[in-house]
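The residues making up each chain are set out below.
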Amino acid sequence: MKTKEKDRLSTEEIKAILRAADEIIAEGGRTLLAKILKGSREKKVLQLKLDTNPSYGYFKSETLENIMKKIDWMIDYDFLDIHYSGKLPMIVFTDRGWEIESDQRTDELLMEWREWLKQDKTSPDMSYLKDRNRSMILLFIEKVKETRDRNFIPYLKLWKDIEYKKLKVAINQTITSLELEELLDEQIIEERMRSIDEALKGAPPEDLLLKCWECGDRFTFSIGEQQFYKQRRFELPKRCTSCREQRYEEYIM
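A brief report on the enclosed structure follows. This structure is a prediction, so every number in the text was calculated from the model and none was measured. (Residues numbered from 1 in each chain as written. Predicted model: local features only at pLDDT ≥ 70, side-chain atom pairs only at ≥ 80, totals over all residues. Heavy atoms only, no water.)

### Some details on the overall build of the protein
Check the secondary structure of the protein and you find 11 helices and 4 strands. Its C-alpha atoms give the protein a radius of gyration of 23 Å, more than 25% over the compact-globule value 18 Å for 253 residues. Counting every position in the protein, which comprises 253 residues, the buried fraction comes to 39%. Of the contacts made within the protein by residues no fewer than 6 positions apart, 62% connect residues no fewer than 24 positions apart. (Helix = DSSP H or I, 4+ residues; strand = E, 2+ residues; numbered from the N terminus. Rg over C-alpha atoms; globule rule 2.2 N^0.38 Å. Buried < 20%, exposed > 50% of the residue type's maximum accessible area, 1.4 Å probe, protein only. Contact = heavy atoms within 4.5 Å.)

### Brief notes about the nonpolar core
As a rule of thumb, soluble globular proteins bury nonpolar side chains together. Among the nonpolar cores identified, the biggest contains 32 residues, and Leu 33, Met 74 and Leu 80 are the most heavily contacted of them. For this core, the secondary-structure elements that each account for two or more residues are α1 (11–21), α2 (30–38), α4 (64–76), β1 (80–85), β2 (88–93) and α9 (186–199). Once residues within four sequence positions are removed from consideration, Leu 80 is found in contact with Ile 17, Leu 18, Ala 21, Leu 33, Met 74, Ile 75, Ile 91, Val 92, Phe 93 and Thr 94. Ranked by size, the runner-up nonpolar core spans 21 residues in total, among them Leu 109, Trp 113, Met 126 and Leu 129. (Core = buried A, V, L, I, M, F, W, Y, C linked by side-chain atoms within 4.5 Å.)

### With respect to the pairing of strand β4 (residues 218–221)
Residues of β4 alternate between two faces, with Phe 219 and Phe 221 buried on one and Arg 218 and Thr 220 left unburied on the opposite face. Sheet topology note: the strand β3 (residues 208–211)/β4 ladder contains 4 bridges and is antiparallel. When the sheet's bridge partners are listed, Leu 210 is paired in β4 with Phe 219. (Pairing = 2+ DSSP bridges.)

### With respect to the side chain of Lys 143
Structurally, Lys 143 is set in helix α6 (residues 134–147). Residue Lys 143 is classed as buried on the basis of its relative accessible area of 7%. With residues up to four places along the chain from it excluded, the contact list for Lys 143 reads Asp 103, Thr 106, Asp 107, Leu 110 and Arg 192.

### Describing the environment of Lys 49
Inspection of the secondary structure assignment puts Lys 49 in the loop between α3 (43–47) and α4. Each C-alpha atom, one on Lys 49 and one on Asp 197, is 31 Å from the other, the two residues being 148 residues apart in sequence.

### Focus: α6
Here α6 is 14 residues long and its end C-alpha atoms lie 20 Å apart, about the 20 Å a rise of 1.5 Å per residue gives. For α6, the set of buried residues is Met 136, Ile 137, Leu 139, Phe 140, Ile 141, Lys 143, Val 144 and Glu 146. Buried residues along α6 sit against α5 (95–118), α7 (153–160), α8 (165–180) and α9. Downstream of α6 by a residue or two, Arg 148 has a phi angle that is positive, lying close to 60°. (Expected span 1.5 Å × (residues − 1).)

### Concerning the packing of α5 against α6
Look at α5 against α6: their axes get within 9 Å of each other, and the N-to-C directions meet at 50°. When the interaxial angle is binned, α5 and α6 end up oblique. The interaxial crossing formed by α5 with α6 has right-handed handedness. Contact with α5, carried on its side by Trp 98, Ser 102, Asp 103, Arg 105, Thr 106, Asp 107, Leu 109, Leu 110, Trp 113 and Arg 114, involves Ser 135, Met 136, Leu 139, Phe 140, Lys 143, Val 144 and Thr 147 of α6 and no other residues of that element. Its residues assigned to classes, the contact of α5 with α6 shows 8 nonpolar, 4 polar and 5 charged. (Axes fitted to C-alpha atoms, helices over the stretch in contact; angles between N-to-C directions. Parallel < 35°, antiparallel > 145°, perpendicular 65-115°, else oblique. Left-handed = near helix turned anticlockwise from the far one by under 90°. Nonpolar A, V, L, I, M, F, W, Y, C, P; charged D, E, K, R; others polar.)

### Focus on the environment of Gly 224
Its location among the elements puts Gly 224 in helix α10 (residues 223–231). Gly 224 gets classed as partly exposed once you look at its relative accessible area, which sits at 41%. Residues Gly 224 and Trp 73, spaced 151 residues apart in sequence, show a C-alpha to C-alpha distance of 13 Å.

### Describing the side chain of Arg 105
Take Arg 105: it is sitting in helix α5. Here Asp 22 takes part through its side chain, which lies 2.9 Å from a polar atom of the side chain of Arg 105. Sequence-distant contacts of Arg 105, defined by excluding residues within four places in its chain, comprise Arg 19, Asp 22, Arg 132 and Met 136. (Polar contact = N/O pair within 3.5 Å; in protein donor to acceptor, adjacent residues only side chain to side chain.)

### Some details on the environment of Lys 35
Following the sequence through the fold, Lys 35 ends up in helix α2. C-alpha of Lys 35 to C-alpha of Val 45: the two residues are 10 residues apart in sequence and 7.6 Å apart in space. Beyond its immediate sequence surroundings of up to four residues, Lys 35 is in contact with Ser 40, Glu 42, Val 45 and Leu 64. In terms of polar contacts, Lys 35 uses its side chain to reach the side chain of Glu 42, at 2.6 Å.

In short, shape yes, function no, at least from these values alone.
Here is the structure:
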């Protein structure tokens, strides 16, 4: 059964869940994610300092059961996925989810730099940016350039001094762009915004049409069956229902 439109999560809810998930990617499961969003005071949540996450308690008025349903919606709509570490199911980003999350994380980093400027912070420790996800960091560098704010140049120079060679080049290009007050490529910015808007629509779950390896006929692999197989870590069925039943009958005879 397809999710009703009224059950669709808002853009803000999608981003909040992705932000909460960012702290436990490949290290925690659905239940831990739900507890972050609930604002749980459970010992494990506090020990891992998950209560400092910006999305901590975002759904504090909701029951854990309802929050879990929202997380499952995120999985069904291709924002999050489940990967197994041994027998433990761990939350991970899909490509769609990471595109959205990396965009909002870079906005957070930019807001932090703006706060530093307001506070006249002149020599911040830039080591916190080292060894971060490369694509996210390159996006952040691009967004700093798009501000056209020359006041960021001292921060960029401090950062460049501790970075690896390839990132030094990207940082230096942004410094030069800010110094020369180069014009921006508005098309790149617009395309990125359109891509984020498209990603936020999600990919509604649909029945799959598979080809039977036995008889060659096409058969429907329903949404419900997909969820059942995924929960039990089964591979996609290779045979249609009739061929599976026939093989089973031959096996028990």
